[in-house]
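Next come the chains, spelled out residue by residue.
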Amino acid sequence: MDSQLSCHKKGKRNSAANYRPISITSSVVKVIEGIINDTVIKHLEKNGIIQHSQHGFQSGRSVDTNLWQYYNLVTDLIDKGIPVEVVLFDVAKAFDKVRHRRLIVKLHTARTNNRVVGRIKAFLAERTPTGQNIHISWNADLFKFIAIQEWCFQGTILCPTLFYIFINDAPSVVHDYLTLYADDLKLIGGIRNQLDADVYQRDINKLNNWANAWLLSFNTSKYHVLHFGKKNLRFGCTLNDLPLEVLPKDRDLGVLVDKKLKFDSHAAIAASSANQTLGTIKRTISSRSPVVMTTLYKALV
């Protein structure tokens, strides 16, 4: 029987949708997971299977490398005089929507060793036995939850690797450039005319069809369009025949950037937060020792 801890994400605490299930595993299981995970990662790296545009859950890759690649692509196109469209996608409840049977298909597609696939399949099956219950701990109480075959268990060592294998083929279905950080996707296209706009719209449709085919869905409250470039003709983009919201600025992976590729709003928010923290330090700490103030500044600001 598996044990799950529900971790509050955001929003109302009395709504189950605002909680993230975290798997609690023993030390022995974690050791075995680590061995399998290392084997899978070495195989993926040796054979160059993971897309270069994926920056999540990989050694040497991070939010910083994702943003660097993204801004480098956008500025390179703008420097060439090509207007840029960017649509930001977020996979809704990404880790909770990984169907195990489809994941096994993806593992075979990645040419993973059959014995390793068998171990992973057993690991998933034993943690969500069909028709049995797993326990979820919430505020020190235990609630029964009917297990279903679609969890990529957060809190496990294998979960990140299995998830990026599951979405690894997303960039291959589009013509324009798709950059990923875990379940956050950005579709970047240079739009000079209506033909380019049509190709870009087809990419949006292809990406949506890919998600539907693998029983994933995009968070409708989080996909937006950003227009970059002075001569941007602002062609409209749609998803499921609904127009995508165009924003003058948007927050991507914690960084707020506007349509002019400026970070003024982000810097202003960061400065305001720092000033508030400094004010709190001054009000609550009587000492004005340079050592004390420097230590607190480095730790809190």
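The structure this text deals with has already been given above.
An account of the accompanying structure is given in this report. Since we're looking at a predicted model, the values are computed, not measured.

1. Describing the packing of aromatic side chains
Here comes step 1: Under the defined criterion, the tally for this structure stands at three aromatic pairs.
Here comes step 2: With centroids separated by 4.9 Å and ring planes inclined at 35°, the aromatic side chains of tyrosine 70 and tyrosine 71 adopt a geometry described as tilted.
Here comes step 3: According to the relative accessible area criterion, tyrosine 70 is buried, its value standing at 1%.
Here comes step 4: Taking the centre distance of 4.8 Å and the plane angle of 45° together, the rings of phenylalanine 89 and phenylalanine 218 count as tilted. Of this pair, phenylalanine 89 sits in strand S3 (residues 84-90) while phenylalanine 218 sits in the loop between helix H6 (194-213) and strand S8 (224-228), and the two are 129 residues apart along the sequence. For the pair phenylalanine 89 and phenylalanine 218, a shared accessibility class is recorded, and that class is buried.
Here comes step 5: The aromatic ring of phenylalanine 166 is capped on one face by lysine 106, whose charged end is 4.7 Å from the ring centroid.

2. Remarks on the packing of helix H7 (residues 264-284) against helix H8 (residues 290-300)
Here comes step 1: Two numbers describe how H7 lies on H8: the axes approach to 11 Å, and their chain directions differ by 145°. The chirality of how H7 crosses H8 is right-handed. On H8, the residues touching Thr277, Leu278 and Ile281 of H7 are Met293, Leu296, Tyr297 and Leu300.
Here comes step 2: In the contact of H7 with H8, the residues fall into six nonpolar, one polar and no charged.

3. Here's the deal with a nonpolar patch on the surface
Here comes step 1: A cluster of nonpolar residues, Tyr297, Leu300 and Val301, forms a patch on the protein surface that exposes about 280 Å² of accessible area.
Here comes step 2: By secondary structure assignment, the location of valine 301 is in the segment after H8.
Here comes step 3: For valine 301, a relative accessible area of 36% gives the class partly exposed.

4. Focus on the pairing of S8
Here comes step 1: Of all five residues that make up S8, five are buried, and the element is covered over most of its length.
Here comes step 2: With burial as the criterion, each face of S8 is covered, one bearing His224, Leu226 and Phe228 and the other bearing Val225 and His227.
Here comes step 3: With five bridges connecting them, S3 and S8 associate as antiparallel partners. By the bridge assignment for S8, glutamate 85 is matched with histidine 227.
Here comes step 4: As defined by bridge partners, S8 adjoins strand S11 (residues 245-246) across two bridges and the pair is classed as parallel. Residue pairing in the sheet places valine 225 in a bridge with valine 246 of S11.

5. Details of helix H5 (residues 158-166)
Here comes step 1: Across the nine residues of H5, eight count as buried, placing the element largely inside the fold.
Here comes step 2: The set of residues buried in H5 consists of Leu158, Cys159, Thr161, Leu162, Phe163, Tyr164, Ile165 and Phe166.

6. Observations concerning H6
Here comes step 1: Along its 20 residues, H6 runs 28 Å from first to last C-alpha, staying within 8% of the 28 Å computed at 1.5 Å per residue.
Here comes step 2: For H6, the set of buried residues is Asp196, Ala197, Val199, Tyr200, Gln201, Asp203, Ile204, Leu207, Asn208, Trp210 and Ala211.
Here comes step 3: Buried positions along H6 lie against S3, H5, strand S6 (177-181), strand S7 (184-190) and strand S9 (238-239).
Here comes step 4: In the segment just after H6, leucine 215 is the residue with positive phi, at about 60°.

7. Concerning the packing of helix H1 (residues 27-46) against H5
Here comes step 1: Following both chains from N to C, one finds H1 and H5 inclined at 30°, their axes separated by 9 Å at the closest point. As far as their axial angle goes, H5 and H1 are roughly parallel. Crossing handedness for the pair H1 and H5: left-handed. Judged by residue contacts, Glu33, Ile36, Asn37, Val40, Ile41 and Leu44 of H1 engage Leu158, Thr161, Tyr164 and Ile165 from H5.
Here comes step 2: Considered class by class, the residues forming the contact of H1 with H5 number seven nonpolar, two polar and one charged.

8. Quick notes on the pattern of salt bridges
Here comes step 1: Following the criterion strictly, the structure yields four salt bridges and no others.
Here comes step 2: A salt bridge links lysine 80 to aspartate 76; the nearest nitrogen and oxygen atoms lie 3.4 Å apart.
Here comes step 3: For lysine 80, a relative accessible area of 57% corresponds to the exposed category.

Cut-off values and rules
- Residues numbered from 1 in each chain as written.
- Predicted model: local features only at pLDDT ≥ 70, side-chain atom pairs only at ≥ 80, totals over all residues.
- Heavy atoms only, no water.
- Phe/Tyr/Trp six-rings, centres within 6.5 Å; stacked < 30°, edge-to-face > 60°.
- Buried < 20%, exposed > 50% of the residue type's maximum accessible area, 1.4 Å probe, protein only.
- Helix = DSSP H or I, 4+ residues; strand = E, 2+ residues; numbered from the N terminus.
- Lys NZ or Arg CZ within 6 Å of the ring centre and 35° of its normal.
- Axes fitted to C-alpha atoms, helices over the stretch in contact; angles between N-to-C directions.
- Left-handed = near helix turned anticlockwise from the far one by under 90°.
- Contact = heavy atoms within 4.5 Å.
- Nonpolar A, V, L, I, M, F, W, Y, C, P; charged D, E, K, R; others polar.
- Patch = residues over 30% accessible without salt bridge, like charges linked within 9 Å, V, L, I, M, F, W, Y side chains within 5 Å.
- Areas by Shrake-Rupley, 256 points an atom, 1.4 Å probe, with all protein chains shown as cover.
- Salt bridge = Lys/Arg side-chain N within 4 Å of Asp/Glu carboxyl O.
- Pairing = 2+ DSSP bridges.
- Expected span 1.5 Å × (residues − 1).
- Parallel < 35°, antiparallel > 145°, perpendicular 65-115°, else oblique.

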